[in-house]
Every structure is written in structure tokens, then in C-alpha cells.
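Structural overview for review
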Amino acid sequence: MTRLETAGGLTGRTVERVEDAGLLTGRGRYIDDLPVRRDTAHLAVLRSPHGHAEIRAIETTAARALPGVFAVLTGEDVAKLTRSMTVGVKANVDCWPIARDRVRYVGEPVALVVAENRYVAEDALDLIEVEYETLAAIVDPEKALAADAPVLHPSLGTNLINERSFRYGDPEAALATAAHRISIRIAYPRNSCTPIETYGVIAEYDPGEDSYDVTANFQGPFSIHAVISRALNVPGNRMRLRTPPDSGGSFGIKQGVFPYVILAAIAARVAGRPVKWIEDRLEHLTASVSATNRVTTLEAAVAADGRITALNWDQLEDCGAHLRAPEPATLYRMHGNMTGAYAIENVAIRNRVVLTNKTPTGLNRGFGGPQVYFALERLVHKIADHFGLDRLAVIRRNLVPAGTFPYRTATGGLLDSGDYQTAIDRACAEGGLEALKLRRDSARAEGRLYGIGYAAVVEPSVSNMGYITTVLTPEERAKAGPKNGAQSVATVAIDPLGSVTVKVASVPQGQGHRTVLAQVVAERLGLAMEAVRVNTELDTARDAWSIASGNYASRFAAAVAGAAALAADRIRDRLAAIAATQLNVTADRIDFGAGKLFDRDNPDNAISFGRVAAASHWAPGTLPDGTGQTIRETVFWTPEQLEAPTTTDGINSSLCHGFIFDICGVEIDRATGQVRIDRYVTMHDCGRILHPGMVNGQVRGGFAQAVGAALYEEYAYGTDGSFLTGTLADYLIPTVMETPEPLILHHETPSPFTPLGAKGVGEGNCMSTPVCIANAVADAIGVEDIRLPLSPSRVSEWLYAGERPSSKPQDVAPVATGASGERLLTGAGSADVVATRESVWTMLLDPNTLKAIIPGAHEVRKVSDTHFRAEVTLGIGPVKGRYRADIRLSDMVAPEAVTLSGSTEGALGSGHGTGRVTLTETATGTRIDYHYEAATGGKVASVGGRLLDGAARVVIGQFFQALARHAGGGSPPSAPAGLIQRLSSLFRRRR
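Residues numbered from 1 in each chain as written. Predicted model: local features only at pLDDT ≥ 70, side-chain atom pairs only at ≥ 80, totals over all residues. Heavy atoms only, no water.

**Re the overall build of the protein**
- A tally of regular secondary structure across the protein gives 26 helices and 35 strands.
- Considering the protein as a whole, with its 991 residues, one finds that 62% of them fall into the buried category.
- Nonlocal contacts in the protein, meaning residues at least 24 apart in sequence, comprise 77% of its contacts between residues at least 6 apart.
- Taken as a whole, the protein presents about 36,500 Å² of accessible surface, with 50% of it coming from carbon and sulfur. (Helix = DSSP H or I, 4+ residues; strand = E, 2+ residues; numbered from the N terminus. Buried < 20%, exposed > 50% of the residue type's maximum accessible area, 1.4 Å probe, protein only. Contact = heavy atoms within 4.5 Å. Areas by Shrake-Rupley, 256 points an atom, 1.4 Å probe, with all protein chains shown as cover.)

**Digging into the sheet that holds strand β23 (residues 596-599)**
- Spatial ordering of the open sheet is given by β22-β23-β24, a layout of three strands whose pairing is antiparallel. With partners counted over all chains shown, the strands left at the sheet margins are β22 (590-593) and β24 (602-608), one partner each. With strand direction ignored, the average angle separating the axes of adjacent strands in the sheet is 35 degrees.
- Contacting β22, β23 and β24, helix α16 (residues 556-583) crosses the sheet at an angle of about 115 degrees to β22. (Pairing = 2+ DSSP bridges. Axes fitted to C-alpha atoms, helices over the stretch in contact; angles between N-to-C directions.)

**Quick notes on the pattern of salt bridges**
- Inspection of the entire model under this criterion finds 58 salt bridges.
- The residue D77 makes a salt bridge to R64 at a minimum N-O spacing of 3.8 Å. On the criterion of sequence distance, the pair formed by D77 in helix α3 (residues 75-81) and R64 in helix α2 (residues 61-65) is long-range, its members being 13 residues apart.
- Among the residues examined, D77 registers a relative accessible area of 23% and is labelled partly exposed.
- Among the residues examined, R64 registers a relative accessible area of 42% and is labelled partly exposed. (Salt bridge = Lys/Arg side-chain N within 4 Å of Asp/Glu carboxyl O.)

**Remarks on the packing of helix α11 (residues 391-398) against helix α12 (residues 420-430)**
- At a minimum axis distance of 10 Å, the contact between α11 and α12 shows a crossing angle of 155 degrees. In terms of orientation, α11 and α12 fall into the roughly antiparallel class. The residues of α12 that touch α11, namely those facing L392, I395 and R396, are Q421, I424, D425 and C428.
- Residues belonging to the contact of α11 with α12 are distributed by class as follows: four nonpolar, one polar and two charged. (Parallel < 35°, antiparallel > 145°, perpendicular 65-115°, else oblique. Nonpolar A, V, L, I, M, F, W, Y, C, P; charged D, E, K, R; others polar.)

**Re the side chain of S751**
- On the secondary structure map, S751 appears in the loop between β28 (743-746) and α20 (764-781).
- Residue classification places S751 among the buried positions, given a relative accessible area of 0%.
- At 3.1 Å, the side chain of S751 forms a polar contact with the backbone nitrogen of F753. (Polar contact = N/O pair within 3.5 Å; in protein donor to acceptor, adjacent residues only side chain to side chain.)

**Looking at unusual backbone geometry**
- In the segment running from E327 into P328, the intervening peptide bond is cis, with an omega of 10 degrees.
- Looking at the element boundaries, P328 is found in the loop between β14 (308-318) and α9 (329-332).
- Residue P895 is bonded to the preceding A894 through a cis peptide linkage, with omega at -10 degrees.
- Inspection of the secondary structure assignment puts P895 in the loop between β32 (879-893) and β33 (897-906).

**Observations concerning the environment of P789**
- Relative to the assigned elements, P789 resides in the loop between α20 and α21 (792-799).
- Along the chain, P789 and E714 lie 75 residues apart, while their C-alpha atoms are 6.7 Å from each other.
- Discounting chain neighbours no more than four positions away, the residues touching P789 are A709, A710, L711, Y712, E713, E714 and R794.

**Some points on helix α19 (residues 692-711)**
- For α19, which comprises 20 residues, the first-to-last C-alpha distance of 28 Å matches the rise-based estimate of 28 Å (1.5 Å per residue) to within 8%.
- Buried residues along α19 sit against α15 (513-525), β27 (675-685), β28 and α20. (Expected span 1.5 Å × (residues − 1).)

**A short note on helix α6 (residues 223-231)**
- Of the residues making up α6, those classed as buried are I224, H225, V227, I228, S229 and A231.
- In this structure, the buried side of α6 is in contact with α3, β11 (239-242) and α7 (258-271).

**A few points about the sheet that holds strand β21 (residues 532-535)**
- Strand order in the open sheet formed by four strands is β21-β20-β19-β25, with mixed pairing between adjacent strands. A strand with exactly one partner marks an edge of an open sheet, and here the two such strands are β21 and β25 (632-637). Taken over all neighbouring pairs, the strand axes of this sheet differ in orientation by 15 degrees on average, direction set aside.
- As defined by bridge partners, strand β20 (residues 500-504) adjoins β21 across four bridges and the pair is classed as parallel. Bridged to K503 within β21 is N535.
- Here α15 sits on the sheet in contact with β19 (488-494), β20 and β21, set at roughly 140 degrees to β21.
- Where α16 meets the sheet, it contacts β19, β20 and β25, and its direction lies at approximately 140 degrees from that of β25.

**Some points on the nonpolar core**
- One finds V201, V214, W313, I395, F661 and L790 to be the most contacted residues of the largest nonpolar core, which totals 166 residues.
- The element best represented in this core is α7, accounting for 11 residues.
- Other than its neighbours up to four places away in sequence, W313 contacts T296, T297, L298, M338, V347, A348, I349, R350, V372, A375 and L376.
- In terms of nonpolar packing, the next biggest core, distinct from the first, is built from 60 residues, V492, V520, L690 and M694 among them. (Core = buried A, V, L, I, M, F, W, Y, C linked by side-chain atoms within 4.5 Å.)

**Considerations on the confidence of the model for the protein**
- Considering every residue of the protein, the mean pLDDT works out to 90; 89% of them sit at 70 or more.
- Contacts of residues 943-947 to residues separated by more than four positions or lying in other chains number six contacts, the stretch itself having pLDDT below 50.
- Here residues 970-991 is modelled with pLDDT under 50, and outside its nearest four sequence neighbours on either side it reaches 123 contacts, counting other chains as well. (pLDDT = per-residue confidence, 0-100.)

**Concerning the pairing of β22**
- Alignment of β22 against β23, held across four bridges, turns out to be antiparallel. Each bridged residue has a counterpart across the sheet, and for F592 the counterpart in β23 is L597.
- The hairpin formed by β22 and β23 contains two residues between the paired strands, and A594 there has a positive phi angle of roughly 55 degrees.

**Description of the packing of aromatic side chains**
- The full count for this structure, using the stated rule, is 15 aromatic pairs.
- Considering the side-chain rings of Y260 and W277, the 4.5 Å spacing of their centres and the 20 degrees angle between planes classify their relative orientation as stacked. Placement of Y260 in helix α7 and of W277 in strand β12 (residues 275-278) is noted, with a sequence separation of 17 residues between them. Side by side, Y260 and W277 carry an identical accessibility label, which is buried.
- When the ring of Y680 is compared with that of F703, the centres are 4.7 Å apart and the planes differ by 50 degrees; the resulting orientation is tilted. Linking Y680 in strand β27 with F703 in helix α19, this pair joins segments that are 23 residues apart in sequence. The pair formed by Y680 and F703 is uniform in burial state, with each residue classed as buried.
- Through a chain of ring-to-ring contacts, three or more aromatic side chains come together here, namely Y715, Y717, F723 and Y731.
- Sitting over the face of the ring of W96, R100 holds its NZ or CZ atom 4.8 Å from the ring centroid.
- Taking the ring centre of F70 as reference, the NZ or CZ of R273 above it sits at 3.8 Å. (Phe/Tyr/Trp six-rings, centres within 6.5 Å; stacked < 30°, edge-to-face > 60°. Lys NZ or Arg CZ within 6 Å of the ring centre and 35° of its normal.)

Here's what the structure looks like:
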């Protein structure tokens, strides 16, 4: 399309942000600040402690009876009023927002409580009893493909939910005839951008209309609105979705709130009143969406001069326990530019999507880019090292040539504009690369570890909604019908006094929508920014929107602001026609400025904007023929370049393609392995810059989050599926103290495809920075297999991998683990008590005695003669948790022996096991002998196993000491106890 020209003055300047006056003085209106009806109830969610388990029974009677509780819902209750959510691919599998037959990840919703306040709701959660049968979990995507791997969804029969292969050009021939074939394998970890505001939903059901009214801090894309309404079994016009005025960040994560929209809506329907739910931080870390982890094997055909002629991608994507819409979008979002910034004509791609016992994945800043570029840019560095070439020279040799834009990539992407060579030249010169090399050489001469890394990436923006259909075969796409485009919606309206309002269907997450839109529209209408008010709240029942609406894929500046400019220009043309008749000139001579419309050749011949603009309200009969109204103009803009996938699977997956070139210098502490970023230079081409200050803010924000991904952040799981990084003490996020100041440079090549020439800039450093830092670390220490995050402990492993073992004897027994990855504890011992066998037997079966002698017991209930339930608080070090124990007796030979089988559940863990206790008469009383086998898992078992073993023995010892005292004295036990094997399992921390 032809780019719009600007009148000049506001766009392209760093003006004061309109949003800041309210936000910086504490007057932001986030979802938790919004007023609600007086009868609004509060929702709490009971979550799975297991990575994988069958749900045998759920007992909710006590929770329902608690005063202040309005409703308790299980998965079966929800299923009666909903249907399975849309699955991202065609597969024989259901996807529910709450567990039904089994749980598949730690944190999966199991039950809901609606109560008068959150305190009562949380108390009621403690009264819900769930009987689980734990299953073996799988967290490694490669192992999930094994023939004997635990299968998450029996109806699917496998953990491989989708596989497709693609071929562009002749990659087989290029690889077969290549002078060299060089490959690399990358296992990219999970992480998340972790917004400061968590999920929030306020839901109401109208039984008279059979409709739902929901406010949620949902980000979009609003294609998910159809998923929600379908799951709720109502037409789209009976599912009203609204967003709050302000949002405390998202970075893609807020898209994942939609299953809770469904749950809260159903909870409101059952409870008969509005329901509010605000996610807490622990819930967010454990159970919200994260980025995918991906295993990539990438092979290149390389000529002797380092030129790449073909790429062969093998990508294994781990989307967690469920393939929720829009996944597997993360895998396909980059499909059109799998060659990055390079001119490579032959490409083969194999994409596989696998399910594991982890949280379902979703949008996350960078959305597929970090996983692609980490492999591609590490490979480029490896190619240079293989040939002994300068790494920057190899990058330059393979770049898309200047002057070839728009450039069609092998996989179908259309790179709109760029001059990558000039951008790199400027980055090296203005970023001081030669001085950085001298600094590296000086550091190395002193024996210090110093490295320099590069990354050259293409940043896609304004996603083509049809790219996800590339997951389907051409035949399947033909049957389903074409999907494509990236429709953006904007409305410019003028009131009877001539004031201007702008409304867009894009939900801001802190990017400054109101400021930029005011700049764009005010400039085009010749007004001061203060004359334009921007409303960014979205209401699907009243506003103009499309399924592509929302704030994702860096689409605001390029698409949304462009649509607003088009709407303003349409009104501007009609206003010029009205003013021309009143000023007695032709419309082409009318200019706008300083709140007036005037004759360009005679500026004194002018009329106020307000008078002309309000004519459609006050005197519509005076409007010139053919002018039409000037009250409101709505533009739905769809770029023609975003077509559906071709029959050969070519796809232009994004409209715009910016360019980023990064240079990083790092120094590594030899003693600690800590990576220090010494200098970071990032060059950006994001097309025309609308607000330089906010563009730099976006770059800084993406860079800070990328530093976290590179050096600190990883969603870690135990082999039993337990979540190991469920607090901000475990999941480390960099602060301003850990984030260096980057040098930000810009090179503008306006896009010919967008109305304002702008491209996206919000995600680029999340794509480029992790691999740039990794390349610098690899340069510093000479290690090829670089894995994230680059924590001191991991770097130290590489530095000291060849260190000799200690000369001291190391007698460490191997840790036994069960089939499900749980830690196995075994023990045996004895204790002497001054009491008869009969009295000891009676005490072991008496709940009051057990309550008195079990450490931390709050309550012990006798369900039957052979069945007990207990509530216990126990801790290891500073960590304490409340646990529910279920104990059953069998093989009873009174008063001689008994077998105890038990299980425990708690917010921090769970476990199960059996023990045999025998009572033998002695001269002074009774001797208790015991042996036990217990399985523990979860966080403590995974990262604090030795502490767990010792603590279990201490607690069991405390039990038998108390039993001896209760029985009238005696010697303390010599080892852990069998009855209390269930207490050892109490220490299993599950999440």
C-alpha cells in the first residue's frame, strides 16, 4: 500500500505520556480496583499437588457446609454446563479448564469454591478431600516420545499430538552436495515474562438472557472470544467480555486467563451471584502459562566460504499437558522467516508437538522467536569457528542483500523493507566494536575470561491470523476454508462541541496507546494533543472489533495506529470539503493546524475546527452533497500481503519484519562462574518511529526480560512433575541492579505495507539478547553446548568439568527413585516402652492418643476401626506446610502386629507408603519393631532430598518418644518408625 504522508509536528516526537499522570499518582484502574456489586462472591481454586494422577474421589460435603460458602464445583459439575475447549489441532483429545478424570500438571484446577470472601473460600478448600492415585509423570519432551512413556491422554494413545514436515527448494540436494554439513542441538528451557499484575476475572450470569458478562484483564487475540463462548455453550453475542482501563503488564501471559474466564462464569451461574477471582503470585507461577520449551536440531549445508545454502530444522515442541488455543502457534509464528536475516534458498522443517506433565503454554514475549534464533545464531557462530572465519564476516556473507526488498523467503515470508548491511555497519561504528575487541584482548592477556557475541535477527510483527493453519495439511486447509489477515479496528468520533475521541480494539498493557494515538490523530486533524481523548477499554457487546483484535504480536504501531490514522484521514477529507464551501476555495487547498481549517494560499481565510467538525451534529442539512457525516468513522484495515498458506505451505506469517543487530561483551568470574555483561549494543530498524521515548522503553523492557531468560529464569520440574520454581525465591527475576544499560541505536527503513511506515518493536530483544549473551559466553570459555540460563553453577560446571575428584573417600549411597520419579525412603528400627502389648495396641488405634503424640497434629479422626484421617502441620527448616493424612490398617493380628498403608496431601507435597509394626512382650513391657517403605516427591524430594531423609527420621523419632512417654516412659527409638511412615511422606512437597 502507499504510506500516508504526515503533516508534521507531533508524530515522531517524544512527548509526555498521557497515561503517566494517573499511573504515577496511584490512580490507575486495574481489575482489582474496579467496583463490583454488593453481593459479589469470591472464588478460590483447589489445585493439583501432583504432576500426574488419577482422581479417585472428591469429597466436598464439609466444604459445602462451611458457613459463608455459596457453591463448590468439581470438574464434573463444570462439564455439565460447558463443553471441551478448542484444541489447537485435530486430535482425539478433550481440553477442559478443570481436571475431570485425572490431573496432568501441578497446579491444575481440581475444584472451585465460591464464598462470601476469599478467606472463607480458602478455608473451604482445606475441607475438600481428594483421593488420588499417582501415575508416572513425564517432563522430558524427548522421553515423552518413547514407546513405554506414560501417556497423558489415553484417548490420544500417544504424547505426540501433531507432526508435520515441510520442504522448500531442494534442501536434500543442497545438503548432499555441500562442502560441509554442520549441525547443532539446542534444548531451549521454559521461562515466563511474569507481569507484576496477575490474572483477574469478574463474572456475572443473567439467567433470563442465558448470557454472561465478564470483565477480565485479557490481552487478546480475541479469536479466543469464540473459544470462550463455545465452551460456555452460548452464542458469541451472549458472552460479553470487557477489559479494565489499565493493566499491570502482560507480555502475552494475560492471554492465558481465558480458562479462568470460563470457570468464573460457570461459578457465577451456579452460585447465582457475581463472582470475582484474583490470582495470587504462587498460583501465577505454578499454573499460568509460560513459553514453550523446545528441542531443536539444526543442520546447515555450508560452502567453503561460510555461505549457507540449506537449513534442515527438526523442532520438538513441548506444549505441556494440554494443547490450548492458540497453540501450537508458538511453533508456527516464525514459519515464514525460519531463515532469519539470511538469504537461504533451501529449507527443510520437521515440526513435532508433544505433551508433557507441565503447565499448558501460551503467548510469551518473543513468542517463538527466542527458540528459533537461539539455534540459528548459535549455528552461525559455530560455522565461523569451524572454518576459522571471523564470526561477523560469516553473518555479513549470508545477509539478505540490500536493494532486494520486499524479499520473499524460502518458506514464504515477505520481508517488507530493510538495509541490514548498513544497520550492522552503523552498529559496529557507533557501538565501538573495535574498542570492545581491544578490551577483550587486554582482558585475555591478563588471564581473564572475556568474550564477544553477536546476533542478527528479523523481528516479525502484525501476525497473519492464517499462519496457525500451516499446522494443517493443504488438504485439511482446503476442507476447512481459508484463514488469513490481521484486521485492525479504529474509530474516530467527533461530538457536538467538536471534541475528538479515538476508540481502538487493542488492549494496552503499558505501551502508551493513549499517547501515540493522540499524537497520530491530533497531527492529522491539526489539533493539540489535549483535544483528543483516547479510550482503550474494550467491550465486545458495544465496540467494533474482530477476532484479530487485541494487543499481541507487536501490532499496535504498525496496524492499530495505522488504522486510527486512516479513520482520521477519512474524516479529514470530509471536513476539508465542508470548510472549502464556507471559505470559497477548493478542498485541495484546505490545510489543518492550530485548531483551524484554512486556505493554504491565504491563511487568514480560516474557520475553527470545532465549527466545521460539529456541523454534522448541528446542521447536517448544510453539508455539501456527497460529503456524508463527520460524526464517526470506523476503519477495519486488513493488509493485502497477509494471504492464506499456499498449496505448497508457503506462508507470510507476519506483515512487518524489523531488523536487530546486537553486540555483547561479557566477562566471567573464574572463581564463581558469574557472567557480567560489560557492554551491550542493540541496533533496531523498526520502520518509522512514532514516539522515540516509548520505542526505547520497549527495547529496554524486552532487554531486561531477555537478561532474565539468559542468566536467571527457568521453569524447573522434578522427574515426578513437581514444580520446583514456584516462588520468587526460586524463580529469579533480574532487577535494575542486575540489568545493565544497553546502548540503543536506530536505523529507519519505513515499511511500505503499513499506513504510517511503522513496524513492531516490542519483542525483538527477547529474541536476540539470550543468544547474543550465549554467543559471548561461548567465545569467552570455548564451550559449544551452551544452555540457558547461564547461572554461575552451570557456567562453573563448564569451567571445571575436568577438575579431579576429591582425594577424600566419598561414600554416598545412590538415591532410590520409584517409577513415577518419587524419592523412596526405607527404614527399620525398634523402641521399648513400659506398657503391655494390649495398652500399646489400644493407643495405636485411639485417635485422641494419636493426636497427642503425632508431632504437629491438629486433628485425628477415626473414620472406621481401620481408617483414620489426620491434619498435621510440619516443616523442614523455615518451610512449613499443612498436610492431610489418610491411614488404613490391614493384616491385623491383635495385639501382635499390624500393617499400615497411608497417603498424605498438602500444599507443599504428598506421599504414600506402607509399614509393618510388631509388638513383642519383654520383661519390662513391650518392644515395638517396625520397618517401612515410603515414596515421597515434590519440591523437597527433588532439591532437598538429604534434608528430607533426615527430617523424616527426626519426626518419626519424635513420634516414638512421645508414644513411649504416653505409655509410661521407656527408651527412645533407635531409628525411624513404621506407623509413622506416613509422616515421612508428609514431607513430600508437591506443587
